[in-house]
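One-letter residues, chain by chain:
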Amino acid sequence: MARTKKPDIASTAPILAYKGFNEDLACTPQGKFFQFESGKTYRHDGKVKACESGFHAITGHPLALFKYYAPAGTRICQVEISGQMDSDDGGEKTAAEILTIGKEIGLTQLILDAAKWVIDRAKPVDGNYTAAASERVNTDDIGGAATASGYQGAATASGERGAATASGDWGAATASGTRGAATASGERGAATASGTRGAATASGTRGAATASGTQGAATASSYQGAATASGEQGAATASGDWGAATASGDWGAATASGEQGAATASGFEGKARGKDGCALFLVERAMSGEILHAWAGIVGTDGIKPDQFYRLVDGKPVEVA
């Protein structure tokens, strides 16, 4: 998308935005390493220009963060920006003079914020239990949003940047467009985001979340939930007890943070981590896709550390960032 030149402007009040970091809360703006700390405020000296100079943050669709950071291994913070600012065309990303690091949020909250961002900009859809939106966006329009809040409801948003939310019992939400967000918060709900950089969250009991697009994020936060990320650089997180997280795409990451959960990384150079007592399953593949080795273990035994990512190298689990 071509940039439209905009002059620097002075903000009368801080703007809430999102920023991604590596696991050390650092990043490399304009190729230079910069270490941040939570709660601190930073000021940029010199010209502020989007994509060139200043502190950058996502001020448009929250899932645009995945355009610059893969879900796997990325820490996400809410931030405030102020002072001189310059945005790219459409306001997706903004460079600012002043940046304040706010609270750290997880994938689940980012997904919920993304769904709200789209729904706030969408036209209402008639119907109590089933809604559908397939509006395609251009530079001036925002994709549709579908919400099903009733019992056994289903919501589908197939347009780009669409959001689907099914909050009723046994509800199903599907967002198949680019950067779509699907949230099923009712019991046994199923959320599927199949578009590039899509995000799916299933917070109900035994819910299932699937993100099949590149750099997608799937989160199952409930008891016995299942999260699957099958695209490249996808991230799957099962935070409920007895949950299962599977990252089958290349360079994917699987996290089991609930009690007695299981995390599986079966793609090329995939990685997995878990809470103490969780099971890890790792597969080592050649670049051709051929399986070279497989390994299974329990976190807290045989030197496997809690909350530490592992990748299988020469048949042995190796700590990775």
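This write-up is about the structure you can find in this document. (Residues numbered from 1 in each chain as written. Predicted model: local features only at pLDDT ≥ 70, side-chain atom pairs only at ≥ 80, totals over all residues. Heavy atoms only, no water.)

## What about the side chain of Glu97?
Next, step 1: Note that Glu97 resides in strand E8 (residues 93-105).
Next, step 2: At 2.8 Å, the side chain of Glu97 and the side chain of Arg43 are in polar contact.
Next, step 3: Aside from chain neighbours lying at most four places away, what touches Glu97 is Tyr42, Arg43, His44, Val48, Phe55, Ser82, Gly83 and Gln84. (Helix = DSSP H or I, 4+ residues; strand = E, 2+ residues; numbered from the N terminus. Polar contact = N/O pair within 3.5 Å; in protein donor to acceptor, adjacent residues only side chain to side chain. Contact = heavy atoms within 4.5 Å.)

## Thoughts on the pattern of salt bridges
Next, step 1: Scanning all chains against the criterion turns up 7 salt bridges.
Next, step 2: The closest approach of N and O atoms between Glu97 and Arg43, which form a salt bridge, is 2.8 Å. Placement of Glu97 in strand E8 and of Arg43 in strand E5 (residues 41-43) is noted, with a sequence separation of 54 residues between them.
Next, step 3: Given a relative accessible area of 18%, Glu97 falls into the buried group. (Salt bridge = Lys/Arg side-chain N within 4 Å of Asp/Glu carboxyl O. Buried < 20%, exposed > 50% of the residue type's maximum accessible area, 1.4 Å probe, protein only.)

## Thoughts on the packing of aromatic side chains
Next, step 1: By the definition in use, this model includes 8 aromatic pairs.
Next, step 2: For the ring pair Phe34 and Phe55, a centre distance of 5.5 Å and an interplane angle of 85° mean the geometry is edge-to-face. Pair noted here: Phe34 is in strand E4 (residues 34-35) and Phe55 is in strand E6 (residues 55-58), with a separation of 21 residues, a long-range link.
Next, step 3: Residue classification places Phe34 among the partly exposed positions, given a relative accessible area of 28%.
Next, step 4: With a centroid separation of 5.8 Å and 80° between ring planes, the pair formed by Trp251 and Phe268 is classed as edge-to-face. Of this pair, Trp251 sits in the loop between strand E21 (244-247) and strand E22 (253-256) while Phe268 is found in the loop between strand E23 (262-265) and strand E24 (271-274), placing the two residues 17 residues apart along the sequence.
Next, step 5: For Phe268, a relative accessible area of 14% gives the class buried.
Next, step 6: Ring-pair connections join several aromatic residues into one group, and the members of that group are Phe21, Phe34, Phe36, Tyr42 and Phe55. (Phe/Tyr/Trp six-rings, centres within 6.5 Å; stacked < 30°, edge-to-face > 60°.)

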